[in-house]
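Structural overview
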Amino acid sequence: MAEPISPSPVAPEAGPAPNTPAPDRADLRPENIQDAVIRLAGNSQDGIQTAGAFLARLAGRSDQDVMTYMTIPATISGGPSIFQVRIGSGEVLSAGDEADFLVAFYQHSYQDHIDFVREGGVVLYDSDNVEPNLDDKRFVYVGVPITGLTVEALGGTAKDKGKNIFVLGLITKIFSLDVEKLKKIITEKFAGKDESIVNTALMAFQAGYAYPVGRVLTHQYQFEHIPKKAGARAQITMDGNQALAYGLIAAGVRYGAGYPITPWSSVMETLRRELPKYGGIFVQAEDELGAVSLALGFSYSGYLAVTGSAGPGISLKTEAIGWASMAEIPLIICNIQRGGPSTGLPTNVEQSDLHQAIYGGHGDSPRVVLAAKTVEDCFYIAIEAARIARKYSTPVFILSDTSLATRIEAFDEPDLSKLMVDPKPDLSPRQSFKPYPVDAITQHIPPGTRILDGKYPLLSGLEHDEMGHPTGSPKLHMVMTAKRRNKLRKLAEEIPVPEIYGDKEGDVLLVGWGSTYGPIHDAAKQARDHGEKVGAIHLRHIHPLPNGIEKIFAKFKRIVVVEMNDQGVYGFGQLAIILRARYCEAKIESFTKTDGLTFRVKEILDGVFKGRSFAARKIPRDGAAIVHADTAPESVKSVREVVPQGVG
């Protein structure tokens, strides 16, 4: 936000009921802003994810950039939860280190998250449930009896239901958001349900919007509008799991099978709903092994299929994935990673399944591993995975994670006319056919295809000759093992070398993969703004690696791999181990963490540049920039402290 909000005297119970609105203060004036981080903190039962998602989708429809972050308790009964929305008129790469605006529904929401608010930020709290420390002058306090006003607006039967939508109305007023667009989004969300549900939601929204915020604030805020370039495509807004599912459909995937597990389940639910519209089907199997086996059957029939899970479920699929490697069957396997091992942290983020994806199989069972970097990239990585699976007749892993799965971003609508793949199998007759030629890449034909010389091939998980007939020949096993390996080397030749963000040579190169893309790039930008010679690359193709990365490494004094997994016995994260083994480069270092939370930009800067202090986020303000004391090394939290739920 632009500058610290100027408070009027704190009014914990300020203002009349919304049914009798008072005129706003005469000095309530609009102020243009380019960027704001809004954090809603309450319990998962309060619907804060719904309210936050409404804000994110409004930003997308208003041609603004947006990124969200959420935490969900792992227990069925629910518990403390947050939803953070960062809206900007320019490019937004991370969800924000600090909140400009905190909405605290309960005392624990206030206590756990007050330290995530920037100095001069606004703390909007439910004065029916929260007693803030008003002696802490770092923040602007706005007390509103949210629970009571919601009950008053909706009637006594509402209890505390609907206060998320009441708060949405308040935020809409404070940030001068588009009321009609937001009402339309609310109506669309509850379409198909009883009309009374839509009406109740709109009543709660209107009550919050009508609250006289001028009694407690001296500013309203308005995001600067940057007109889209002529001919630019419209924006769409969705989360990473939705983008992944629709990317698979665009890639021509029409069949699949899976078994529910957090956070993969919403991918299979989207495919189960959407694939029949394209003549396909998605099957919920009885277990993970059954799911991958069904998917392999679909792929054998000539239709590239998909299965997926999280880490524990991938373990159960391992035997059949090995069969796919041996039989050289194209297959897409999605791993939406979460904290592990075992059931671990089922609703928290981690990047600890990389070695499982690359090496998690018996024998030498090569497979391709890709990783999406943003919500938008979840869509395009699915198309790339399908291309590789078909061309090289191989299983392909897509690695995503809880952060990508649940966060919402806005991006340009894909040009489907250029992207949609026709998945119809080629059943044209062949004179002869050899599925496993030792001097070429395997390409299967669909069962039922006529072979005019009458020599039909076999397909098996046993080692085989060029026609698929089982063999125990040591020499042939060596030849076929090399054949399966070498097609990945061939793939490496066509993968583009990742672009370098920032300095093309210098002191530090940050290397990342997956959902760390935004924080790493924000960290590189801030470090360069402070005079550091820093570059960054992000890997989408992790196995095999593209050729030529060693030339980039040679231009930097330090190479720091930033990833969300453990440093391991030897002090290196999972990607760092692979890069050190591949390039024998001693200057490759690791910066890792395993707290189940996404990286804050400040964390990366503190970890990479020990002893240096960087502002957590450059926010345009009048006067001198605020230096945040908590960036000093001596202020870093002890490992024994309880880290509240939130970003970092």
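In case you missed it, the structure is sitting above this.
Residues numbered from 1 in each chain as written. Predicted model: local features only at pLDDT ≥ 70, side-chain atom pairs only at ≥ 80, totals over all residues. Heavy atoms only, no water.

1. Considerations on the pairing of strand S2 (residues 35–43)
The buried fraction of S2 is high, at 9 of 9 residues. Of the pairings in the sheet, the one linking S2 to strand S4 (residues 80–88) comprises 9 bridges and is antiparallel in character. The residue of S4 that forms the bridge with alanine 41 is isoleucine 82. Looking at chain direction, S2 and strand S5 (residues 99–104) are connected through 4 bridges and run parallel. Directly across from isoleucine 38, in S5, lies its bridge partner phenylalanine 101. (Buried < 20%, exposed > 50% of the residue type's maximum accessible area, 1.4 Å probe, protein only. Helix = DSSP H or I, 4+ residues; strand = E, 2+ residues; numbered from the N terminus. Pairing = 2+ DSSP bridges.)

2. Things to note about the packing of helix H16 (residues 517–529) against helix H19 (residues 601–608)
For any two helices packed against each other, one specifies the crossing angle of their axes together with the interaxial distance. Taken N-terminus to C-terminus, the directions of H16 and H19 make an angle of 60°; their axes are 8 Å apart at the nearest point. Relative to H19, the element H16 lies oblique. The handedness of the crossing between H16 and H19 is right-handed. Facing Pro519, Ile520, Asp522, Ala523, Gln526 and Ala527 of H16, the residues of H19 in contact are Val601, Ile604 and Leu605. Here the residues of the contact of H16 with H19 are counted per class, giving 7 nonpolar, 1 polar and 1 charged. (Axes fitted to C-alpha atoms, helices over the stretch in contact; angles between N-to-C directions. Parallel < 35°, antiparallel > 145°, perpendicular 65-115°, else oblique. Left-handed = near helix turned anticlockwise from the far one by under 90°. Contact = heavy atoms within 4.5 Å. Nonpolar A, V, L, I, M, F, W, Y, C, P; charged D, E, K, R; others polar.)

3. Structural notes on the sheet that holds strand S12 (residues 305–309)
If you trace the 7 strands from one edge of the open sheet to the other, you get S11-S10-S12-S13-S15-S14-S20, paired in mixed fashion. At either margin of the open sheet sits one strand with a lone partner, and together these are strand S11 (281–284) and strand S20 (541–543). Each strand axis lies, on average, 25° off the axis of its neighbour in the sheet, ignoring direction. Where strand S10 (residues 255–258) lies against S11, 4 bridges are found, and the strand directions are parallel. Counted as the bridge partner of glycine 258 is glutamine 284 from S11.

4. Looking at the nonpolar core
Of all hydrophobic cores here, the largest spans 57 residues; its most connected members are Phe101, Val144, Ile171 and Phe175. Among the elements that make up this core, the one with the highest residue count is helix H1 (residues 48–61) (8 residues). (Core = buried A, V, L, I, M, F, W, Y, C linked by side-chain atoms within 4.5 Å.)

5. A word on the environment of lysine 163
You can see lysine 163 is positioned in helix H4 (residues 163–174). Classification of lysine 163 by relative accessible area gives buried; the value is 1%. It is 7.1 Å that separates the C-alpha atoms of lysine 163 and alanine 204, two residues lying 41 residues apart in sequence. Discounting residues that sit within four places of it in the chain, lysine 163 has contacts with Asp46, Phe105, Tyr106, Asp126, Asn129, Ile146, Thr147 and Thr150. Of note is the side chain of lysine 163, whose polar atom sits 3.1 Å from the side chain of tyrosine 106. (Polar contact = N/O pair within 3.5 Å; in protein donor to acceptor, adjacent residues only side chain to side chain.)

6. Description of the sheet that holds strand S17 (residues 501–502)
Ordered in space as S17-S19-S18-S21-S22, the 5 strands form an open sheet in which the pairing is mixed. The open sheet has two free edges, formed respectively by S17 and strand S22 (588–592), since each of these has just one partner strand. Of the strand pairs in this sheet, strand S18 (residues 506–513) and strand S19 (residues 534–539) are connected by 6 bridges, and their pairing is parallel. Directly across from leucine 510, in S19, lies its bridge partner alanine 536. The strands that H16 touches are S17, S18, S19 and strand S21 (556–563); relative to S19, the one it contacts most, it runs at about 170°. Where helix H18 (residues 574–583) meets the sheet, it contacts S18, S19, S21 and S22, and its direction lies at approximately 140° from that of S21.

7. Here we look at helix H5 (residues 179–189)
Among the residues making up H5, those that are buried are Val179, Leu182, Ile185 and Ile186. The buried residues of H5 all sit within an arc of 125° when viewed along its axis, so they share a single face. Opposite the packed face of H5, turned more than 90 degrees from it, sit the exposed residues Glu180 and Lys184. Elements that come into contact with the buried residues of H5 comprise H1, H4 and helix H6 (195–210). Sitting at the amino-terminal end of H5 is aspartate 178, which places a side-chain oxygen 3.2 Å from the backbone nitrogen of glutamate 180. (Arc of directions from axis to C-beta.)

8. Quick look at the pattern of salt bridges
Applying the stated criterion to the full structure yields 29 salt bridges. The residue lysine 317 makes a salt bridge to glutamate 288 at a minimum N-O spacing of 2.9 Å. Of this pair, lysine 317 sits in helix H10 (residues 311–327) while glutamate 288 sits in helix H9 (residues 288–300), placing them 29 residues apart in sequence. In this structure lysine 317 comes out as buried when scored by relative accessible area, which is 0%. Across the salt bridge formed by glutamate 384 and arginine 387, the nearest N and O atoms sit 2.9 Å from each other. (Salt bridge = Lys/Arg side-chain N within 4 Å of Asp/Glu carboxyl O.)

9. A short note on unusual backbone geometry
With an omega dihedral of 0°, the bond running from threonine 262 to proline 263 counts as a cis peptide bond. The omega torsion across histidine 543 and proline 544 is 0°, close enough to zero to call that bond cis. When you line up the elements, proline 544 lands in the loop between S20 and helix H17 (549–553). In this structure, aspartate 63 takes a positive phi of about 60° despite not being glycine. If you trace the backbone, aspartate 63 turns up in the loop between H1 and strand S3 (65–71). Its identity is not glycine, yet glutamate 328 carries a phi of approximately 55°, on the positive side. With respect to the element layout, glutamate 328 can be found in the loop between H10 and strand S13 (331–337).

10. Thoughts on the packing of aromatic side chains
What the rule picks out here adds up to 12 aromatic pairs. Here the aromatic rings of phenylalanine 54 and phenylalanine 190 are separated by 6.4 Å at their centres, their planes lie at 70°, and the arrangement is edge-to-face. Residue phenylalanine 54 is found in helix H1, and its partner phenylalanine 190 is found in the loop between H5 and H6; the two are separated by 136 residues along the sequence. For phenylalanine 54, a relative accessible area of 3% puts it in the buried group. On the basis of relative accessibility, which here comes to 14%, the residue phenylalanine 190 falls in the buried class. Ring centres 6.4 Å apart and planes at 45° place the aromatic pair tryptophan 264 and phenylalanine 282 in the tilted group. Separated by 18 residues along the polypeptide, tryptophan 264 in the loop between S10 and helix H8 (265–274) and phenylalanine 282 in strand S11 bring together distant segments of the chain. No difference in accessibility class separates tryptophan 264 from phenylalanine 282, as the two residues are buried. Within the aromatic cluster, the residues linked to one another by ring pairs are Phe101, Phe175, Tyr221 and Phe223. The side chain of lysine 173 reaches across the aromatic face of tyrosine 209, ending 5.3 Å from its centre. (Phe/Tyr/Trp six-rings, centres within 6.5 Å; stacked < 30°, edge-to-face > 60°. Lys NZ or Arg CZ within 6 Å of the ring centre and 35° of its normal.)

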